[in-house]
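# What the coordinates show
One-letter residues, chain by chain:
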Amino acid sequence: MEVPIEKKVLSENQRVAEGLRSSLSESGTLSLNFIGSPGAGKTAFLERTLQMLPARTQVAVLTGDLQTENDAQRLSRYGYPVRQITTVGACHLDARMVEKHLNGWDLAGLDLLFIENVGNLVCPTSYDLGEDAKVVVLSVAEGEDKPLKYPGIFRKAELMILNKIDLLPYVPFQPELAREYARRVHPEIEIIETSSLTGAGFDRWLEWLAARADTKQASMREAQHAFAGTRSW
Ligand SMILES: Nc1nc2c(ncn2[C@@H]2O[C@H](COP(=O)(O)OP(=O)(O)OP(=O)(O)O)[C@@H](O)[C@H]2O)c(=O)[nH]1
Ligand SMILES: [Mg+2]
């Protein structure tokens, strides 16, 4: 029987992604996959996040682009391990690229793994990277209707970062309409409004992040206890 090529690629990706998910569960590392249009502000958002995280946090970042090391250079200023994934032509990251670029990093003790996907609202949506959640970044300069035009990513993302809200006085963008459209596509999506320029909304975002990281650590400990309980020696 012939399997269409796209289906085959996606099922191979899924296999690698499940392996990654299992390693990240074992280490209790919360992994987030950030997806948004080119220039939505993904890197600036991660930069401010790295700046604001409590000093004891163990975090690593992978950042994907078609070309250049620019984003990795920006992100590496905060003292955490950062690697650039240059896809050359591909408009998205895949699980194999993530697996390859994690090579040599000790996941044990890593609290957070941030993955900035290639700037694109379509291609990255179908590729599981073993993450705990996809986070969609939409900036107020892009128009309120993006959730309706590109519903796939808004349906799959757990959290929408409505970014660059410092620009609201200068652009004809109605945040309540953007929220309504996002919820029409995905009623349970969480929404946090932020500005990486002013830091607005980062208190809420860091609370969201800490709660998710705690849950991930708790399930790791539970799994360890369950495993210890089954030991026969
Ligand atoms: N006013 C304002 N500008 C921002 C904000 N966040 C990012 N920018 C600007 O928007 C531009 C794009 O930001 P990046 O962080 O490079 O965007 P990106 O999503 O990482 O872009 P790609 O990686 O190319 O897809 C830069 O000029 C940033 O300085 C913000 O919150 N407010
Ligand atoms: Mg970027």
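Let us look at the structure shown here. If you're wondering where the values come from, they're calculated on a predicted model, not measured in any experiment.

### Things to note about the site of ligand 1
Around ligand 1 there are 20 residues in total, and Lys 42, Thr 43, Ala 44, Asp 166 and Ser 196 lie nearest to it. Between Lys 42 and ligand 1, the recorded distance is 2.7 Å, taken from a side-chain N or O atom to an oxygen atom. For ligand 1, an oxygen atom lies 3.0 Å from a polar atom in the side chain of Glu 116. For ligand 1, whose free accessible area comes to 650 Å², the fraction covered by protein is 72%. Where the shell around ligand 1 is concerned, the elements lending two or more residues are α2 (42-52) and α3 (70-75). Residue contributions to the shell around ligand 1 peak at three residues, all from α2. Broken down by class, the residue content of the shell around ligand 1 amounts to five nonpolar, eight polar and seven charged.

### Observations concerning the pattern of salt bridges
Where charged atoms from two side chains of opposite charge come close, those side chains can pair. Taken as a whole, this structure holds 15 salt bridges when the rule is applied. Among the ionic pairs, Lys 216 bridges to Asp 132, the shortest N-O distance being 2.9 Å. Of this pair, Lys 216 sits in helix α8 (residues 202-229) while Asp 132 sits in the loop between β4 (112-116) and β5 (133-139), and the two are 84 residues apart along the sequence. In this structure, Arg 212 engages Glu 158 in a salt bridge whose closest nitrogen and oxygen atoms are separated by 2.3 Å. With Arg 212 in helix α8 and Glu 158 in the loop between α6 (151-156) and β6 (159-163), this residue pair connects regions lying 54 residues apart in the sequence. Residue classification places Glu 158 among the partly exposed residues on the basis of a relative accessible area of 29%. Each member of the salt-bridge network shares a partner with another, and the members are Glu 12, Arg 15, Arg 96 and Glu 99.

### Focus on the coordination of the magnesium ion (ligand 2)
Only Thr 43 (OG1), Asp 71 (OD) and Glu 116 (OE) from the protein reach the magnesium ion (ligand 2) as donors, at distances of 2.0 to 2.1 Å. Within one chain, the residues donating to the magnesium ion (ligand 2) are spaced in sequence as T-x27-D-x44-E. Placement of the pair is Asp 71 in helix α3 and Glu 116 in strand β4, with a sequence separation of 45 residues.

### A word on the sheet that holds β5
Taken in spatial order, the seven strands make up an open sheet running β3-β2-β4-β1-β5-β6-β7, and their pairing is parallel. Looking along the sheet, the strands with just one partner apiece sit at the ends: β3 (82-86) and β7 (190-193). The mean angle between the axes of side-by-side strands here comes to 20°, regardless of whether they run parallel or antiparallel. Examined bridge by bridge, strand β2 (residues 59-65) and β3 share five bridges and lie parallel to one another. If you follow Val 61 over to β3, its bridge partner there is Val 82. This element, α2, spans β1 (30-36), β2, β4, β5 and β6 of the sheet and lies at about 160° to β4.

Rules and cut-offs
- Residues numbered from 1 in each chain as written.
- Chains lettered and ligands numbered in written order.
- Predicted model: local features only at pLDDT ≥ 70, side-chain atom pairs only at ≥ 80, totals over all residues.
- Heavy atoms only, no water.
- Near = heavy atom within 4 Å.
- Polar contact = N/O pair within 3.5 Å; in protein donor to acceptor, adjacent residues only side chain to side chain.
- Areas by Shrake-Rupley, 256 points an atom, 1.4 Å probe, with all protein chains shown as cover.
- Helix = DSSP H or I, 4+ residues; strand = E, 2+ residues; numbered from the N terminus.
- Nonpolar A, V, L, I, M, F, W, Y, C, P; charged D, E, K, R; others polar.
- Salt bridge = Lys/Arg side-chain N within 4 Å of Asp/Glu carboxyl O.
- Buried < 20%, exposed > 50% of the residue type's maximum accessible area, 1.4 Å probe, protein only.
- Donors = N, O, S within 2.8 Å, 3.2 Å for Na, K, Ca; no water.
- Pairing = 2+ DSSP bridges.
- Axes fitted to C-alpha atoms, helices over the stretch in contact; angles between N-to-C directions.
- Contact = heavy atoms within 4.5 Å.

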